[in-house]
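Notes for the structure review
Here is how the chains run, residue by residue.
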Amino acid sequence: MDIGMIGLGRMGGNMARRLIAGGHRVVGYDRAGAAALEAAGGVGAATLEELCRQLAAPRAIWVMVPAGEPTEQTVRDLAERLSPGDVVIDGGNSFFKDDVRRAKLLAARGLHLLDAGTSGGVWGRERGYCLMVGGDRGAFQRLEPIFRTLAPGKATAPPTPGRAPGTGRGERPATAEEGYLHCGPSGAGHFVKMIHNGIEYGLMQAFAEGFDVLRGAGGPEVPEEHRYALDLGEIAELWRRGSVVSSWLLDLTAAALGKDPQLAGFSGAVADSGEGRWTVQAAVEEAVPTPVLAASLFERFRSRQESTFGDKLLSAMRREFGGHAEGKREGSES
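Computed from a prediction, not measured in an experiment: that's the story for all the values here.

1. Side note on the packing of aromatic side chains
Tallying each qualifying case throughout the model produces 9 aromatic pairs. Residues W62 and F147 carry aromatic rings whose centres are separated by 6.0 Å and whose planes lie at 65° to one another, so their mutual orientation is edge-to-face. With W62 in strand β4 (residues 60-63) and F147 in helix α8 (residues 144-150), this pair connects stretches of sequence that are 85 residues apart. With relative accessibility at 0%, the residue W62 sits in the buried group. Their ring planes at 40° and their centres at 4.9 Å tell us that F95 and W278 sit as a pair that is tilted. You can see F95 sitting in the loop between β5 (87-90) and α5 (96-107) and its partner W278 sitting in helix α12 (residues 275-286), a full 183 residues away along the chain. For F95, a relative accessible area of 17% translates into the label buried.

What follows is the structure in structure tokens.
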């Protein structure tokens, strides 16, 4: 089916290529141009107007630009150019309350907004993307061919033991087994993705602290008879096999340590992209205690003042899964 893609950077460009490979016609727009998309078999558009003209009605346009003002302006610009029945999909990391507001704005014009929390990072083109979608169920169902192509598919993991294959809860179809899910009304998709990222902060912090302790076992503070010069890369590789803590984040940790055992290429100033803060804010509003998630967020703030080996490992993991740049230290010019 036809799909528009606005934003052809690391995520948007790879998603567009995955859709093209899946047989969809992708019309893309990016301020930096769409030459790479055209080389991959897509259709480039020089303006938003041209993008809208090249899509068959009812249109579906996926917005993959930074959260905040860039998304806000893009949604408003599209609202001026689309027709009743068209769908805008926000695949970035927007705040879920903004989705609720924007959905009302578009609904007044007969348009639909789907908020699609998208996890998969720079590896998504190959592995597929986990998609958490909120908004009108009818619009979601119409665009399921798009979500199904982007998602990892059933072959990536067997159903949970005790769960009958192909069945969801209640009347819900088992799309979760394919890697995409309609989570609820407007904002629900990004709310689920927000909590996903908050959990990610905690998991990453646990790995970083644990490996920092392993590294410290060889330090001068430890009595010589209890001192161990441990090979962290080999331990990460070992834990990938049969360990309770095996995971994709551990895979990425092993990859990072394999490339740079001392993590000399990292300062350890760990950035945060907003979702961790919003997760803690939601916890406060719900009066739900989240000490691990809150502490992992505060550790990122601290890392921008001083760094440990664990901080460098956090930065290394972020680069591995998302190609993310490091944060800046307070008072730093660079």
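2. Observations concerning the pairing of strand β6 (residues 112-119)
Of all the 8 residues making up β6, 7 are buried; the element is thus mostly covered by neighbouring parts of the structure. Of the pairings in the sheet, the one linking β5 to β6 comprises 4 bridges and is parallel in character. Within the sheet, the bridge partner assigned to V87 lies in β6 and is H112. Looking at chain direction, β6 and strand β7 (residues 130-134) are connected through 5 bridges and run antiparallel. Counterpart to T118 in the pairing with β7 is L131.

3. What about α5?
Here α5 is 12 residues long and its end C-alpha atoms lie 16 Å apart, about the 16 Å a rise of 1.5 Å per residue gives. Turning to α5, its buried residues are F96, D99, R102, A103 and L106. The buried residues of α5 occupy an angular sector of 110° when projected down its axis, which confines them to one face. Packing partners of the buried residues in α5 comprise α4 (69-79), β5, β6 and α9 (188-216).

4. A short note on the state of the cysteines
Within the structure shown, the criterion is met by 0 disulfides. Cysteine C130 remains unbridged, with the sulfur of C183 as its closest cysteine sulfur at 8.5 Å. Exposure remark for C130: the relative accessible area of 33% places this residue in the partly exposed category.

5. Observations concerning the packing of α9 against helix α13 (residues 291-303)
Their axes nearest at 8 Å, the elements α9 and α13 cross at an angle of 70°. Taken together, the axes of α9 and α13 lie roughly perpendicular to each other. In this structure, the crossing between α9 and α13 has a hand that is left-handed. When α9 is examined against α13, the residues G198, I199, Y201, G202, M204, Q205 and E209 are found in contact with a partner set consisting of V292, L293, S296, L297, E299 and R300. Across the contact of α9 with α13, the residue classes break down as 6 nonpolar, 4 polar and 3 charged.

6. Regarding unusual backbone geometry
P58 follows A57 through a cis peptide bond whose omega is -5°. With respect to the helices and strands, the residue P58 is situated in the loop between α3 (48-53) and β4. Positive phi values are uncommon outside glycine, yet L263 reaches one of about 55°. Topologically, L263 is positioned in the loop between α11 (248-259) and α12. Looking at L263, the relative accessible area reads 0%, which means it is buried. The phi torsion at A287 lies on the positive side, around 55°, for a residue other than glycine. Turning to its location among the elements, A287 is positioned in the loop between α12 and α13.

Criteria and cut-off values
Residues numbered from 1 in each chain as written. Predicted model: local features only at pLDDT ≥ 70, side-chain atom pairs only at ≥ 80, totals over all residues. Heavy atoms only, no water. Phe/Tyr/Trp six-rings, centres within 6.5 Å; stacked < 30°, edge-to-face > 60°. Helix = DSSP H or I, 4+ residues; strand = E, 2+ residues; numbered from the N terminus. Buried < 20%, exposed > 50% of the residue type's maximum accessible area, 1.4 Å probe, protein only. Pairing = 2+ DSSP bridges. Expected span 1.5 Å × (residues − 1). Arc of directions from axis to C-beta. Contact = heavy atoms within 4.5 Å. Disulfide = S-S within 2.5 Å. Axes fitted to C-alpha atoms, helices over the stretch in contact; angles between N-to-C directions. Parallel < 35°, antiparallel > 145°, perpendicular 65-115°, else oblique. Left-handed = near helix turned anticlockwise from the far one by under 90°. Nonpolar A, V, L, I, M, F, W, Y, C, P; charged D, E, K, R; others polar.

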